[in-house]
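Chain by chain, the residues:
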Amino acid sequence: MRTYLGYITISLLIPVLILFIFLSYQEWSLAQSPYHVLDERIPIESIELAQDSYIKAANGKVISEISTGEKRTYLKLEDIPLFLENLFIVTEDQKFYDHAGVDLSGISRALLINSQNKTIEQGGSTITQQLARNVYLSHDRTYNRKLSELIYAYQIERKKSKPEIMELYLNAIYFSNGAYGIEAASQYYFSKATEELSKAELAFLAAIPNNPENYNPLKHFDETKKRQERLLKQMVAEGDLEQAEYEKLIKSTIKLDLSTPVDLYPDYVAYVHQELKNLVASSEGLDKSLQSPEVAIRKKAEAELDKKVKKLLNSGVTIHTALDTKLQSQSKTALQSKIGVNDIEGALVVIQHHTHELVSLIGGKDYKKNSFNRAYQSYRQPGSAIKPLLDYAPYLEETDADTNQLVSGASYCPKNYSGDSYGMVTLRTAFAQSYNTPAIRIFEKTGVETSFKYLDAFDFKKVSKKDHHTSSAIGGFEYGMSPLELTNAYTSFNEGNYQPARAIIKVTDQEGKVLYKWKERPKEIWSQSTVAKMRQLLHETIISGTARKAYFPTEYVGGKTGTTNDVKDMWFVGLTANYTTGVWIGRDKPSNLQSIYSHTPHVLIWKDISQTAE
């Protein structure tokens, strides 16, 4: 009895509500317009549907789909087949182009059926009401929700044209299995665009939203197919489809071809996500707050940044990157083949130093999505790989010394790696053979603070005042640096300038408008004289020094090895005509690598990649 009274009450409330609005208009206009109240309480100037974003490689290939809850790709109405639009109008809302959001006859019919069944079987909802429910409300079958739905639908009709409402509807409705909107459904179930679907396939998808659980094609294919046939038959009854075509369509074979989300090159993609946050923070002026010593200020900035990034990724953007997919695959293969199956790990970074683009990044020999990325999250002692940046280049920049200048290689503490004493040697020999004592002597001649002034220009995240001591001259830092940081710094030996290498070239919206782009400029670190001398020293290391195995005939090749105490880390960073590549080998829990040291895997990996890149 109570259920029956509820239906009677709701049937009376709807016309009373409408009558109240119109009869009270004159009185309300003297105080505040009812439209003003609606606009204030239910602002519907713009309806933004969350949709997928994409990360693309340099060749334009999608390498990652980013879905933040609702898998959706928005389509303009002109890109959606008219057949599908007509199908939904005939089967869901035949008076769509006539009503103002509410179809009273449809509601009355639904109320009658519901009262007879003593439950809510039909809603009598118009397409506009369904849009309101999908965008703003829940799917609870309650009368409060139903009344809210009516008001929202009325407001949507005031603010949007019929074509706009239809476009939003076809992009908002749920097609089961995480697919929202017709394009996501088309791509998921048939692995092709909506415009490529046959009428039979379109009608099959149109059968799902009425009850996404009952008509889930993966669980209830036959039920979905039966409803497709009922929808097509209804179109025939309304004169929107010929009987002959109906017979043909229902006999068409529906073959699902499920797609899987694109999720390639996880090492590189993980870094792109991190860089995106940095790009948005820089562009939105949040950098200073994020680095504030005040915890409250930092947390507020972090929350604001997360909100901005989430909103951006929900808007269907494309993140264009510099990734060289071929080089990325070959880098992974090189790392795996030279290390083998054991607990030894590695990381690799390749930078196109003319453009300052990060073209390849390997975070581990078998990196898994969302795991520890050694290329940019691991901070290790650099060993002798720091000498070009902290010892030799600052010394040459300050003194303009010749590379044939003599320096003492006699015993010192710390000693040379071999423990030998070499007497007077040239800077060229000391560098190529990676002697420790000459490096320390020129570091001290330049001065600790002066030397670190040059190193500070590279923004090493974990290098601090605590590192301003003699041991740092040969790599004895408190924390060290990441492979990405060290490789980045070596790019300065190309033309003397430094600019952080970036994975992201630009971020664009669906119309191709650039939303974010790095606006950095190179800063000069070394004079051309110092660059020329350093390139000579780096080249000598490969010709006659500790990295002879890295040599291959090309326009230019040069680099520097680095080994830490007890051989816990093995580095090689080097340059060719176009690329700067850095390789690190070690264990996550530092321990001795003497068993593989003589095989020089770090040098051979570098050679494999550099030959490929050039």
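Residues numbered from 1 in each chain as written. Predicted model: local features only at pLDDT ≥ 70, side-chain atom pairs only at ≥ 80, totals over all residues. Heavy atoms only, no water.

Engineer: Would you explain the overall build of the protein in this entry?
Structural biologist: Secondary structure summary: the protein contains 25 helices and 14 strands in total. Sequence separation of 24 or more characterises 68% of the internal contacts of the protein that already satisfy a separation of 6 or more. With the model as given, the accessible surface of the protein reaches about 28600 Å², and the carbon-plus-sulfur share is 50%. (Helix = DSSP H or I, 4+ residues; strand = E, 2+ residues; numbered from the N terminus. Contact = heavy atoms within 4.5 Å. Areas by Shrake-Rupley, 256 points an atom, 1.4 Å probe, with all protein chains shown as cover.)

Engineer: How do you make sense of the nonpolar core when you look at a structure like this?
Structural biologist: Generally speaking, nonpolar side chains in soluble globular proteins are found buried as a group. Residues I319, L358, L389, L455 and L486 are the most contacted members of the largest nonpolar core, which totals 84 residues. Among the elements that line this core, the one with the most residues is helix α13 (residues 266–283), at 9 residues. Beyond its immediate chain neighbours, meaning those up to four positions away, L358 contacts Y268, Y271, A322, L323, V349, V350, I351, L484, A501, R502 and A503. (Core = buried A, V, L, I, M, F, W, Y, C linked by side-chain atoms within 4.5 Å. Buried < 20%, exposed > 50% of the residue type's maximum accessible area, 1.4 Å probe, protein only.)

Engineer: Explanation requested: a negative patch on the surface in the structure shown.
Structural biologist: Among the surface-exposed residues, E78, D79, E195 and E196 lie close enough to one another that they form a single negatively charged patch. For E195, the location among the structural elements is in the loop between α9 (182–190) and α10 (199–206). (Patch = residues over 30% accessible without salt bridge, like charges linked within 9 Å, V, L, I, M, F, W, Y side chains within 5 Å. Salt bridge = Lys/Arg side-chain N within 4 Å of Asp/Glu carboxyl O. Lys, Arg positive; Asp, Glu negative; His and termini not counted. Charge placed at Lys NZ, Arg CZ, Asp CG, Glu CD.)

Engineer: I'm lost on helix α4 (residues 82–92) in this one. Help?
Structural biologist: Side chains three or four residues apart in an α-helix point the same way, a direct result of the helix having 3.6 residues per turn. A large share of α4 lies buried, amounting to 9 of its 11 residues. Here α4 has its buried residues at F83, L84, E85, L87, F88, I89, V90, T91 and E92. If you follow the buried residues of α4, they end up packed against α6 (127–135), α8 (162–172), α9, α10, α11 (221–237) and α12 (243–251).

Engineer: Before we go on, may I ask you to explain the pairing of strand β12 (residues 557–563) in this structure?
Structural biologist: On any regular strand, side chains alternate: one points to one face of the sheet, the next to the other face. By the criterion of burial, β12 is predominantly enclosed, with 7 of the 7 residues buried. Burial along β12 is two-sided: the face carrying V557, G559, T561 and T563 and the face carrying G558, K560 and G562 are both buried. Direction of pairing for β12 relative to strand β13 (residues 569–576): antiparallel, over a ladder of 7 bridges. Looking across to β13, one finds that G558 is bridged to L575. Hairpin connection of β12 to β13: 5 residues between the antiparallel strands, including D566 at a positive phi of 60 degrees. (Pairing = 2+ DSSP bridges.)

Engineer: Can you help me understand the environment of Y395 in this one?
Structural biologist: Mapped onto the elements, Y395 comes out in helix α17 (residues 387–399). For Y395 and G447, which are 52 residues apart along the polypeptide, the C-alpha to C-alpha distance reads 9.0 Å. When neighbours within four sequence positions are excluded, Y395 is seen to be in contact with D400, A401, Q405, L427, I442, K445 and T446.

Engineer: How should I be thinking about the sheet that holds strand β10 (residues 514–516) in this particular structure?
Structural biologist: Where strands meet in a sheet, backbone hydrogen bonds hold them as pairs that are either parallel or antiparallel. Taken in spatial order, the 5 strands of this open sheet run β2-β1-β3-β9-β10, and their pairing is mixed. Each edge of the open sheet is held by one strand with a lone partner, namely β2 (62–66) and β10. Sheet twist, expressed as the mean angle between neighbouring strand axes with direction ignored, is 30 degrees. By the bridge criterion, 4 bridges tie strand β3 (residues 318–321) to strand β9 (residues 504–508) in an arrangement that is antiparallel. Across the sheet, the residue bridging to I319 is V507, located in β9. (Axes fitted to C-alpha atoms, helices over the stretch in contact; angles between N-to-C directions.)

Engineer: Explain the pattern of salt bridges here, please?
Structural biologist: Here the idea is simple: oppositely charged side chains can pair when their charged atoms come close. Taken as a whole and judged by the stated rule, the model has 24 salt bridges. With its nearest N and O atoms 3.8 Å apart, the salt bridge here joins K219 to E213. For E213, a relative accessible area of 44% gives the class partly exposed. Salt-bridge contacts for R374 lead to E345; the nearest nitrogen and oxygen are separated by 3.7 Å. Taken together, the positions of R374 in the loop between β5 (357–362) and α17 and E345 in strand β4 (residues 345–352) put the pair 29 residues apart, joining distant regions of the chain. Residue R374 shares its accessibility class with E345, and that shared class is buried.

Engineer: Mind showing me how you'd approach the packing of α11 against α12 here?
Structural biologist: The description of two packed helices rests on the angle between their axes and on the distance between the axes. Packing of α11 against α12 leaves a shortest axis separation of 10 Å and a crossing angle of 170 degrees. In terms of orientation, α11 lies roughly antiparallel with respect to α12. Residues K225, Q228, E229, L232, K233 and V236 of α11 lie in contact with α12, whose contacting residues are Q243, Y246, L249 and I250. (Parallel < 35°, antiparallel > 145°, perpendicular 65-115°, else oblique.)

Engineer: When you look at the side chain of T581 in this model, what are you seeing that I'm missing?
Structural biologist: Relative to the helices and strands, T581 is located in strand β14 (residues 579–586). In this view, T581 contacts L348, V349, V350, T487, F572, V573, G574, W606, I609 and S610; residues no more than four positions away in its chain are not counted.

Engineer: Can you walk me through the side chain of K387 in this structure?
Structural biologist: Within the secondary structure, K387 sits in helix α17. A distance of 3.2 Å separates a polar side-chain atom of K387 from the backbone oxygen of Y435. When neighbours within four sequence positions are excluded, K387 is seen to be in contact with Y392, S434, Y435, N436, A439, A473, I474 and K560. (Polar contact = N/O pair within 3.5 Å; in protein donor to acceptor, adjacent residues only side chain to side chain.)

Engineer: Any chance you could explain unusual backbone geometry here in plain terms?
Structural biologist: Note: most residues except glycine have negative phi, and most peptide bonds are trans. Residue S191 is not a glycine yet carries a positive backbone phi of 55 degrees. By the element assignment, S191 lies in the loop between α9 and α10. A relative accessible area of 32% places S191 in the partly exposed class.

Engineer: Can you walk me through the pairing of β5 in this structure?
Structural biologist: Judged by how many residues are buried, β5 sits mostly within the fold: 5 of 6 residues are covered. Of the strand pairs in this sheet, β4 and β5 are connected by 5 bridges, and their pairing is antiparallel. Residue Q352 lies in a different strand from β5, and its bridge partner there is E357.

Engineer: I would appreciate a short explanation of the packing of α6 against α8 in the present structure.
Structural biologist: Contact pair α6 / α8: the axes reach a minimum separation of 9 Å and the direction vectors enclose 50 degrees. Put simply, α6 runs oblique to α8. As α6 packs across α8, the resulting crossing turns out to be left-handed. Of the residues in α8, those in contact with I127, T128, Q130, L131, N134 and V135 of α6 are I165, M166, L168, Y169 and A172. Classifying every residue of the contact of α6 with α8 gives 8 nonpolar, 3 polar and no charged. (Left-handed = near helix turned anticlockwise from the far one by under 90°. Nonpolar A, V, L, I, M, F, W, Y, C, P; charged D, E, K, R; others polar.)

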